[in-house]
Amino acid sequence: MGLILSQAWASETILGSPNAGGILDATALAADGPGWIKLFQPRQRTWGSLNLVNLVQNAADLLSQQFPGRSRLQVGDISKHEGGRVIGHRSHQNGLDADLAYFDLGDTEQDSITGQDFAIDMVTPRGNVRPAFDFARNWTLVKVLAQAPETQRMFVDRHLITALCTHALSIQDPDAPGVFAKIGHFNNHSDHVHVRLQC
């Protein structure tokens, strides 16, 4: 399984870092498309680098092909039009970060306009992974993201990292070491995976 990013010349200018930066001539992710839907649309945090937008779109398309008829990839915050500080985030300032909701077995799909947070926290207060967590699709998602050479890092809750590791071992996926090399724990990432690209 591999992911080929659309070949196009990026015209944006990345400024500074994800935690203190901006972006000029950013690319907007469409409100929806083959396999994805953009959440929290009134925030207008839909702008990113061309590589990031391509990665999200192509990952969503691949997942929809492998799991036809299931819920779409739900995309949270990326960046503002010209980047800069984003309320509720330390990063997401220069178009290289995107939040993607985990897939659940019930195929929950949030309204794209209302709501302020992702619908399902996949880890209970006691640290257990909820039965709704869709291991097949979530493992495919992080694997696809990790295999993109532009991906620098993914932030995932530690309980989900452990559970995904157990899943990868159970299916004897030879690509697992490369995937986990790009995954790290970060608090408040039990309802979404945060993917960051290299500059």
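My aim in this report is to walk through the structure given alongside it, one point at a time. Fair warning: this is a prediction, and the values are worked out from it, not measured in the lab. (Residues numbered from 1 in each chain as written. Predicted model: local features only at pLDDT ≥ 70, side-chain atom pairs only at ≥ 80, totals over all residues. Heavy atoms only, no water.)

With the rule as written, the count across this model stands at five aromatic pairs. By way of ring pairs, the aromatic residues Tyr 102, Phe 133 and Phe 135 are connected into one cluster. Above the ring of Phe 40, the side-chain terminus of Arg 43 is found at 4.1 Å from the ring centroid. (Phe/Tyr/Trp six-rings, centres within 6.5 Å; stacked < 30°, edge-to-face > 60°. Lys NZ or Arg CZ within 6 Å of the ring centre and 35° of its normal.)

The next point concerns the pattern of salt bridges. Think of it this way: side chains of opposite charge can pair up when their charged atoms draw near. Under the definition given, this model contains 10 salt bridges. Ionic pairing is found between Asp 77 and Arg 43, a salt bridge with its closest N-O pair at 2.9 Å. Taken together, the residues Asp 77 in the loop between strand E7 (73-75) and strand E8 (97-101) and Arg 43 in the loop between strand E5 (36-38) and strand E6 (47-48) connect sequence positions 34 residues apart. For Glu 109, the salt bridge goes to Arg 72, with nearest N and O atoms at 2.5 Å. A residue pair is termed long-range when its members are at least 10 positions apart, and Glu 109 in the loop between E8 and helix H2 (135-147) and Arg 72 in the loop between helix H1 (50-66) and E7 qualify at 37 residues. When its relative accessible area of 34% is taken as the criterion, Glu 109 is described as partly exposed. According to the relative accessible area criterion, Arg 72 is partly exposed, its value standing at 25%. It is possible to trace a salt-bridge network through shared partners that takes in Arg 70, Asp 107, Asp 134 and Arg 137. (Salt bridge = Lys/Arg side-chain N within 4 Å of Asp/Glu carboxyl O. Helix = DSSP H or I, 4+ residues; strand = E, 2+ residues; numbered from the N terminus. Buried < 20%, exposed > 50% of the residue type's maximum accessible area, 1.4 Å probe, protein only.)

On to empty space enclosed by the protein. Scanning the model with the defined rule gives one cavity of 30 Å³ or more in all. Empty space within the largest cavity amounts to approximately 70 Å³. In terms of lining residues, the largest cavity is bounded by Gln 74, Ala 101, Tyr 102, Asp 104, Thr 108, Gln 110, Phe 118, Ala 119, Ile 120, Met 122 and Asp 191. Looking at the lining of the largest cavity residue by residue, the classes come out as six nonpolar, three polar and two charged. (1 Å grid on protein atoms, 1.4 Å probe; cavity = no way out; pocket = protein on both sides within 12 Å on 5 of 7 lines; lining within 4 Å. Points joined across faces, edges and corners; volume = space filled by probe spheres on them. Nonpolar A, V, L, I, M, F, W, Y, C, P; charged D, E, K, R; others polar.)

Moving on: the layout of surface pockets. In this structure, the largest pocket spans a volume of roughly 610 Å³. Gly 88, His 89, Asn 188, His 189 and His 192 are the residues nearest the centre of the largest pocket, which is lined by 25 residues in total. For the lining of the largest pocket, the leading source of residues is strand E11 (residues 192-197), giving three residues.

Before going further, it helps to examine the packing of H2 against helix H3 (residues 158-170). Where H2 contacts H3, the two axes come as close as 11 Å, and the packing angle between them is 95°. Taken together, the axes of H2 and H3 lie roughly perpendicular to each other. In this structure, H2 contributes Phe 135, Ala 136 and Trp 139 to the contact, and H3 contributes Ala 163, Leu 164, His 167 and Ala 168. Looking at the contact of H2 with H3 residue by residue, the class counts come to six nonpolar, one polar and no charged. (Axes fitted to C-alpha atoms, helices over the stretch in contact; angles between N-to-C directions. Parallel < 35°, antiparallel > 145°, perpendicular 65-115°, else oblique. Contact = heavy atoms within 4.5 Å.)

Before going further, it helps to examine the nonpolar core. Formed by 41 residues in total, the largest nonpolar core has its most connected members in Leu 73, Leu 100 and Val 195. Residue assignment for this core shows that the elements contributing at least two residues are H1, E7, E8, H2, strand E9 (151-156), H3, helix H4 (176-180) and E11. Broken down by element, this core gets its largest block of residues, eight residues, from H1. Among residues more than four places away in sequence, those in contact with Val 195 are Leu 52, Leu 55, Leu 96, Asp 97, Ala 98, Leu 100, Leu 145, Thr 151, Arg 153 and Met 154. (Core = buried A, V, L, I, M, F, W, Y, C linked by side-chain atoms within 4.5 Å.)

Keep in mind that these numbers describe shape and distance, not what the molecule does.
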